[in-house]
Amino acid sequence: MFSRKLSLLFLLNSLAFQATGTLDCTLDDTIKGAILGAALGDALGRVTEFIETTEGIRARYGKNGVRSFKDFKKDDWVTHPISGKKIAAYTDDTVMARIVLEECIKTPVIATLHKDDIICSLAQRFIKLFGSDCYTHDPLFSVRAHGPTNMRSSDQLAEIEQSDGKIPHRTLTHQEIFIEGGCGSVMRAWPIGLLRPDVSILYLADEQSKLTHQHPMARAASCAIAAGIANILLQKQGGCTLSVENVVGAMVRAAEAFDQQELEFKTKASKKGIKGKQEDIEYDRLLTSDMISYAARVAYDKEKPEKILGTHNDKNEYHRSTEGFLLGWAADESVAAAVYIFLRHPDNLQAALQEAVNTPGDSDSIATLTGALIGAYSGWKAFEKTGFDYAALESLTELENLAQSTANTWRVQICQPLD
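Conventions used here
Residues numbered from 1 in each chain as written. Predicted model: local features only at pLDDT ≥ 70, side-chain atom pairs only at ≥ 80, totals over all residues. Heavy atoms only, no water. 1 Å grid on protein atoms, 1.4 Å probe; cavity = no way out; pocket = protein on both sides within 12 Å on 5 of 7 lines; lining within 4 Å. Points joined across faces, edges and corners; volume = space filled by probe spheres on them. Helix = DSSP H or I, 4+ residues; strand = E, 2+ residues; numbered from the N terminus. Nonpolar A, V, L, I, M, F, W, Y, C, P; charged D, E, K, R; others polar. Expected span 1.5 Å × (residues − 1). Buried < 20%, exposed > 50% of the residue type's maximum accessible area, 1.4 Å probe, protein only. Phe/Tyr/Trp six-rings, centres within 6.5 Å; stacked < 30°, edge-to-face > 60°.

K.L.:
Hey, could you run me through the layout of surface pockets in this one?
P.N.:
Think of a ball as big as a water molecule: rolled over the atoms, this probe shows where empty space is left. Here the largest pocket is characterised by a volume of approximately 810 Å³. What lines the largest pocket is a set of 34 residues, among which T149, G181, G182, C183 and W329 lie closest to the centre. If you list the elements that add at least two residues to the lining of the largest pocket, you get α4 (92–104), α8 (148–158) and α19 (363–378). Top contributing element to the lining of the largest pocket by residue count: α8, with four residues. Considered class by class, the residues forming the lining of the largest pocket number eleven nonpolar, twelve polar and eleven charged. Here the second largest pocket defines a volume of roughly 360 Å³. Considering the residues around the second largest pocket, the lining is formed by 16 residues, among which V95, R98, R125, H137 and D138 are closest to the centre. Counting residues per element, the ones that place at least two in the lining of the second largest pocket are α4 and α6 (115–129).

K.L.:
Just checking my understanding: could you explain α6 for this structure?
P.N.:
Since there are 3.6 residues in each turn of an α-helix, residues three or four apart along the chain are aligned in direction. The end-to-end C-alpha distance of α6 is 21 Å, a good match for the 21 Å that 15 residues give at a rise of 1.5 Å each. If you check which residues of α6 are buried, you get I118, I119, C120, L122, A123, F126, I127 and L129.

K.L.:
Honestly, the packing of aromatic side chains in this entry has me stumped. Any pointers?
P.N.:
How two aromatic rings sit relative to each other is given by the distance of their centres and the angle of their planes. Considering all chains together, one arrives at ten aromatic pairs under this definition. Seen in terms of ring centroids, F69 and F72 are 5.2 Å apart; in terms of plane orientation they differ by 70°. Their pairing is edge-to-face. Note on F69: relative accessible area 6%, which makes it buried. Site record: aromatic cluster; members linked through ring pairs are F69, F72, W77, W380, F383, F388 and Y390.

Structure, rendered in C-alpha cells:
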C-alpha cells in the first residue's frame, strides 16, 4: 500500500551530509510546527479526553465538536495560579515532552556524545516532577491527568541509587512489563525526532521509554513517532520531494525492530504487514509495526473516522476496544491513530486536530501525536494563515522560544562530524 524504500536509516545514510549548507527557513517552520502543533492538539484534546462517546462530545460542544478554543466552555478554561490568566492548559503529554526536549538540547552535540547522560537527567526530572515538591516544578500539576504508569515508575526510579552516571534500570517481571503498554512514553518521544539526524534518536526514544514503560509495544511506538518526525525534517533539509509514504515507511521500519520482542508479550499476534483487520485490534493480534501499516491502509481506503477511531469507549480486559477502534490508550493504538489522521490531512492541521480531539478515546494523546506529525510536515506558517487564534495556549512564549532553541541546536549539530 505504501513504499518502504526510504526507511529512516536509509535517509540518515543518504541525507545526513547533504543537509549541511542547505538549511533554510523551513527548519524553523518545521520545528515550530511540530512543537506548537503537538501542544495545541494536547490542549484541545484535554477537554474531550474523558467524554466516553462522540455523541457526548457533540451534546456538549455541538455537532462539529471542539474546533478551536472558541468552543471551550467556562469550566474548560484554567486559571494559572501565578499569572491569574485564563489559559487553555495542556496535559501531562506536553509537560513531559518539554522535559525531554529541554534535556536533549542542553549541549549542541549531546544527542550523540552524551546520550546516556540525557537518560539519567530525564530520570531525575521525572523523579522531581512526581516527588513531594511536584507543585514547585509544575504549579498546574493537579490538572495534568498524569498517567499512573509514569507516576509509579518514577517512584521506583527514585528508589534506585544512581552511580557513575549509569542509567537507572528497573528490574521487572514479565507480568509487570506486560502492564506497561500504555501510551505515556510515546507522548514524550516525538521531540527526539527534532534532534541531530543520526541513529542516536532511536536509542534515545527507546531508553526514555524504558524509564517508565518497558513493554516492547511502548518502546516500538516511541521509536516510530521519533522516526516519523526525523524523517520529515530530513526530507525537507535533504532536498527530497516531501512524501507521506516515506514518513510512514520510516515509522514502520523503526517499529519492526521490536517485532520479535513484542511477540513474547502479544501471544496472539503474528506478522501480518498491511493485512491486519479491525478485529485483530480487539484481540491484540497486531504488532505495532503492523498496527501502523493497518492505519495507513484504512486511511488510503478512505475509511471513515467513526469506523476507525470509534464512537464509544467500551474496552475489553486488555483495554482494547470491543469493536477494534483505535482508541489510543495503548501505545500502538495511539501512534496508529495519529498515522491514520496524518495521512487523511497531511497539509491541514486544523482539520486534523478537529478529527483527533473529537474522539471517544485518548483524544489529547492522539491529537498530540497528530499535531506533531502534521505540524512538522506542513509547517506552522501554513497553519497561521488559517487565522486560528491560539494566543490562549498555555506557555505559548516559552514554547516558541523552545522551538527557536531547538532549531539553533539543530544547526550546530549538523555541522559536527558524525561518530
